[in-house]
Amino acid sequence: MSLTESWRRLNFFDKNAVIDPKTKDKFKGLEKLQMCCWATTNDGQGVYMGESTGALFALDRNWDQTYWKAYQCTLSDVASVGNHVLTIGEDEREINSILKIWERPEFGEQNQEVDCAPRILKEVRLCPLLGPAGINTRATTITGHSSGRVIAAGYADGSVMAYIGDYVKDRAVSSKWIRIREPTPVDGEVTGTAIGILPGASEMFVMFVLTNKSLHSYVIDARGTMINKLRHEAQGASRDCWTFNETTNQFTVANRDMVYIYDAESCMDAEGARGKCYALSRGVEKQQIASFGEFLAVLTRQPALIPTPEQEWMTVVTVYDVTGKYIAFTGSLPSLANCFIMDGVFILLAHDGQLSSLTQKHLAAKLDILYKKSFFDVAIDVAKRSEGGAEVLPHIHHKYGDFYYSKADFGNAIREFKESIGVLDPSYVIKKFLDGSKLPHLCTYLEALRAKGRSNVHHTTMLVNSYARLQEKEKLQKLLASLEETASDAEAEAVVNCLQSSKLLNEATLFAIKTGQHDAALSILVSD
């Protein structure tokens with residue numbers, strides 16, 4: 001378990017109202033939307049938002065909307081899978097859950113009318129799949145993998161059914177489903193399902209099944225055979241408190257106290273039941289979590305600072321970088337809110353329909369914040385995981401080295417200066433370590449210069465002289481042995497002079513002979 005009390009608090013995001021590019025005013029297209037489910041398109045440039053009354057909105061990066069009535073009565077869940085949209089809901093008053101597979105709608109302002117629904121490719125009645133006992137069992141979740149080879153539906157009694165195959169082209173999509181999980185009413189209804197594919201020659205799927213009280217994973221092969229199943233430590237969560245990343249194959253789930261992260265690959269082992277555990281926003285009721293890249297946004301419900309009869313609660317948004325172990329943003333909205341992701345940006349939908357965006361700052365702005373706080377270790381981590389960060393890494397190490405040097409921590413200072421070789425002028429570092437007490441650190445830096453092919457004759461003779469002053473005979477012998485093969489005439493001559501001035505006459509004579517400087521060797525012998 002990782003506690004967050006020691007995590008650094010930063011401000012890597014800018015919170016701004018979303019502006020409609022057409023009116024140049026605040027976007028008001030979702031003022032009356034009561035969102036119950038959402039899904040980002042696979043390319044990340046659009047989002048689908050569903051209302052429990054059966055309506056479905058599609059919003060693109062230009063803030064153009066498409067709206068249609070997906071179900072006559074209720075809509076329970078929506079998923080975006082490749083070029084298709086999967087929805088479950090009911091067209092009749094009694095329980096009769098239907099899976100509808102839609103073509104991806106054409107986004108655009110011209111499609112705002114209700115009758116502009118995309119084409120339905122397939123309809124599957126989900127209740128009969130459970131058999132006679134499932135006639136009155138409502139489907140609650142739908143998911144699929146972007147490969148288009150598997151989909152899964154979760155039910156109110158805890159059951160899970162899956163279809164493996166091309167569910168768009170196959171004619172038997174209404175019948176050849178397999179049961180992944182038996183009814184388990186004690187665990188509550190299924191609140192989330194996610195599918196990952198394990199790497200390897202034989203195709204295997206990992207299916208995470210989240211209920212109100214438990215989290216299980218099931219490993220099945222392409223024929224539907226169960227390979228392994230685990231009950232994980234997470235105690236279950238609501239339908240908005242989980243997320244799955246297909247790129248990293250990680251399933252994240254949050255309850256009141258903890259956030260758990262599980263890797264799909266680890267579900268083959270018994271130890272995979274443990275996962276990683278973090279005390280994020282501990283002890284506060286969580287409304288929703290959403291993730292993009294390395295960031296995890298956690299929305300919590302807390303009493304309003306100035307409560308009114310209309311607004312007794314507010315939403316606090318905290319964005320964590322779990323890998324870097326720091327808090328990237330903290331802010332609040334005066335009313336309850338939801339979050340969705342579009343075009344790589346966290347979008348907050350307030351209760352009154354107002355939209356706010358959390359836009360990530362540029363790398364340069366992040367580094368300025370970290371420099372002012374002397375958080376150079378975080379700066380290095382941020383740069384390594386950012387596009388274009390490799391170019392600024394040597395400069396960060398330079399600043400980090402100066403910071404350590406100012407604290408008289410010369411060992412760590414040299415460690416950082418070594419990482420700046422190739423960008424920082426070596427003379428800048430050498431001047432700092434010419435004192436006798438700092439010679440061991442200077443040797444470390446000069447050795448690194450030589451190993452990276454950045455040393456010159458002056459650096460070589462300085463290293464020889466330093467070894468001599470420190471009486472590092474073994475290191476000196478190794479250096480001379482390597483110079484016998486690689487040193488130029490000028491470098492060899494300089495080394496002989498350096499050895500002679502350091503009173504290492506035997507070493508000077510032997511090195512001169514081996515590098516063909518016979519006159520110099522004779523001169524040393526005569527003068528000795």
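Look a little higher up for the structure.
Residues numbered from 1 in each chain as written. Predicted model: local features only at pLDDT ≥ 70, side-chain atom pairs only at ≥ 80, totals over all residues. Heavy atoms only, no water.

1. Description of the overall build of the protein chain
No. 1: Helix and strand content of the protein chain: 11 helices and 30 strands.
No. 2: Within the protein chain, residue pairs in contact and separated by at least 24 positions form 50% of the contacts whose partners lie at least 6 positions apart.
No. 3: Surface exposure of the protein chain reaches about 24800 Å², of which carbon and sulfur atoms provide 48%.
No. 4: In the protein chain, the 57 positive side-chain charges and the 65 negative ones have mean positions that sit 3 Å from each other. (Helix = DSSP H or I, 4+ residues; strand = E, 2+ residues; numbered from the N terminus. Contact = heavy atoms within 4.5 Å. Areas by Shrake-Rupley, 256 points an atom, 1.4 Å probe, with all protein chains shown as cover. Lys, Arg positive; Asp, Glu negative; His and termini not counted. Charge placed at Lys NZ, Arg CZ, Asp CG, Glu CD.)

2. A word on the packing of aromatic side chains
The geometry of an aromatic ring pair is captured by the separation of the ring centres together with the interplanar angle, meaning the angle of the planes.
No. 1: Scanning all chains against the criterion turns up 24 aromatic pairs.
No. 2: Their ring planes at 85° and their centres at 6.1 Å tell us that phenylalanine 410 and phenylalanine 433 sit as a pair that is edge-to-face. With phenylalanine 410 in helix H4 (residues 410–418) and phenylalanine 433 in the loop between helix H5 (426–430) and helix H6 (439–451), this residue pair connects regions lying 23 residues apart in the sequence.
No. 3: Above the ring of tryptophan 313, the side-chain terminus of arginine 301 is found at 4.1 Å from the ring centroid. (Phe/Tyr/Trp six-rings, centres within 6.5 Å; stacked < 30°, edge-to-face > 60°. Lys NZ or Arg CZ within 6 Å of the ring centre and 35° of its normal.)

3. Details of the environment of phenylalanine 346
No. 1: By secondary structure assignment, the location of phenylalanine 346 is in strand E29 (residues 345–350).
No. 2: On the basis of relative accessibility, which here comes to 3%, the residue phenylalanine 346 falls in the buried class.
No. 3: Sequence separation between phenylalanine 346 and alanine 297 is 49 residues, and the spatial gap between their C-alpha atoms is 8.1 Å. (Buried < 20%, exposed > 50% of the residue type's maximum accessible area, 1.4 Å probe, protein only.)

4. A closer look at the nonpolar core
Within soluble globular proteins, side chains that are nonpolar generally end up buried alongside one another.
No. 1: If you look at the biggest cluster of nonpolar residues, it comprises 67 residues, and the most contacted ones within it are Phe13, Val319, Phe346 and Leu370.
No. 2: Counting 22 residues, the second largest nonpolar core, distinct from the first, contains Ala194, Leu215, Phe251 and Met258. (Core = buried A, V, L, I, M, F, W, Y, C linked by side-chain atoms within 4.5 Å.)

5. Topic: the pattern of salt bridges
No. 1: A full pass over the atoms with the stated rule returns 23 salt bridges.
No. 2: With its nearest N and O atoms 3.9 Å apart, the salt bridge here joins glutamate 447 to lysine 475. Within this pair, whereas glutamate 447 is found in helix H6, its partner lysine 475 is found in helix H8 (residues 473–486), the two being separated by 28 residues in sequence.
No. 3: Take glutamate 447: its relative accessible area is 27%, and that puts it in the partly exposed class.
No. 4: In the salt-bridge network here, residues are joined through shared partners; they are Arg181, Asp187 and Arg231. (Salt bridge = Lys/Arg side-chain N within 4 Å of Asp/Glu carboxyl O.)

6. Notes on the sheet that holds strand E7 (residues 65–69)
No. 1: Spatial strand order, E4-E5-E6-E7: 4 strands in an open sheet with antiparallel pairing. This sheet does not close on itself; its edge strands, each paired only once, are strand E4 (35–40) and E7. Shown here is a sheet whose adjacent strand axes are inclined to one another by a mean of 20°, direction ignored.
No. 2: Judged from the 5 bridges that link them, strand E6 (residues 55–60) and E7 form a sheet pairing that is antiparallel. Counted as the bridge partner of leucine 59 is glutamine 65 from E7. (Pairing = 2+ DSSP bridges. Axes fitted to C-alpha atoms, helices over the stretch in contact; angles between N-to-C directions.)

7. Side note on the state of the cysteines
No. 1: In total, this model carries 0 disulfides according to the counting rule given.
No. 2: Counting only cysteine sulfurs, cysteine 339 is the nearest neighbor of cysteine 241, a cysteine outside any disulfide, at a range of 12 Å.
No. 3: The thiol of cysteine 443 is not disulfide-bonded; the next cysteine sulfur, from cysteine 498, is found 11 Å away.
No. 4: Here cysteine 443 falls in the buried class, since its relative accessible area comes to 5%. (Disulfide = S-S within 2.5 Å.)

8. Some thoughts on the packing of helix H10 (residues 505–514) against helix H11 (residues 518–527)
No. 1: Look at H10 against H11: their axes get within 7 Å of each other, and the N-to-C directions meet at 155°. Classified by the angle between their axes, H10 and H11 sit roughly antiparallel to one another. In this structure, H10 meets H11 at a crossing whose hand is left-handed. Within the contact between the two elements, H10 uses Leu505, Ala508, Thr509, Ala512 and Ile513 and H11 uses His518, Ala520, Ala521, Ile524 and Leu525. (Parallel < 35°, antiparallel > 145°, perpendicular 65-115°, else oblique. Left-handed = near helix turned anticlockwise from the far one by under 90°.)

9. Overview of the sheet that holds strand E19 (residues 226–231)
No. 1: Taken in spatial order, the 4 strands make up an open sheet running E16-E17-E18-E19, and their pairing is antiparallel. Edge positions in the open sheet fall to strand E16 (190–198) and E19, since each of these has one partner strand only. Shown here is a sheet whose adjacent strand axes are inclined to one another by a mean of 15°, direction ignored.

10. A short note on the pairing of strand E8 (residues 74–81)
No. 1: Of all 8 residues that make up E8, 7 are buried, and the element is covered over most of its length.
No. 2: The hairpin turn running from E8 into strand E9 (residues 84–90), its antiparallel successor, is 2 residues long, and glycine 82 in that turn takes a positive phi close to 60°.

11. Observations concerning H10
No. 1: Residues of H10 that are buried: Ala508, Thr509, Phe511 and Ala512.
No. 2: As for H10, its buried residues are in contact with H8, helix H9 (489–501) and H11.
No. 3: Glycine 516 lies just past H10 and shows a positive phi near 80°.

12. Things to note about the packing of helix H3 (residues 393–406) against H4
A packed helix pair is summarised by two numbers, namely the angle formed by the two axes and the spacing between the axes.
No. 1: Between H3 and H4, the shortest axis-to-axis distance is 8 Å and the interhelical angle comes to 170°. In terms of axis orientation, H3 runs roughly antiparallel to H4. Crossing handedness for the pair H3 and H4: left-handed. In this structure, H3 uses His397, His398, Tyr400, Gly401, Asp402, Tyr404 and Tyr405 to contact H4, whose residues at the interface are Phe410, Asn412, Ala413, Arg415, Glu416 and Phe417.
No. 2: Here the contact of H3 with H4 is built from residues that sort into 6 nonpolar, 4 polar and 3 charged. (Nonpolar A, V, L, I, M, F, W, Y, C, P; charged D, E, K, R; others polar.)

13. Remarks on the side chain of serine 335
No. 1: The residue serine 335 is located in the loop between strand E27 (326–333) and strand E28 (337–342) in this model.
No. 2: You can call serine 335 buried: its relative accessible area is 8%.
No. 3: If near-sequence neighbours (up to four positions away) are discounted, serine 335 is found in contact with Gln311, Trp313, Met314, Thr315, Ala350 and His351.

14. A look at unusual backbone geometry
No. 1: Unlike most non-glycine residues, serine 374 shows phi in positive territory, near 60°.
No. 2: Following the sequence through the fold, serine 374 ends up in the loop between helix H1 (363–372) and helix H2 (376–384).

15. Points about the environment of proline 199
No. 1: Along the polypeptide, proline 199 turns up in the loop between E16 and strand E17 (204–211).
No. 2: Here proline 199 falls in the exposed class, since its relative accessible area comes to 64%.

16. Here's the deal with the pairing of strand E20 (residues 242–245)
The side chains of a regular strand alternate between both faces of the sheet.
No. 1: Bridge analysis of E20 against strand E21 (residues 250–254) gives 4 bridges, and the strand direction is antiparallel. Each bridged residue has a counterpart across the sheet, and for threonine 243 the counterpart in E21 is threonine 252.
No. 2: Joining the antiparallel neighbours E20 and E21 is a turn of 4 residues, in which asparagine 249 adopts a positive phi near 60°.

None of the figures reported here should be taken as evidence of function without further support.
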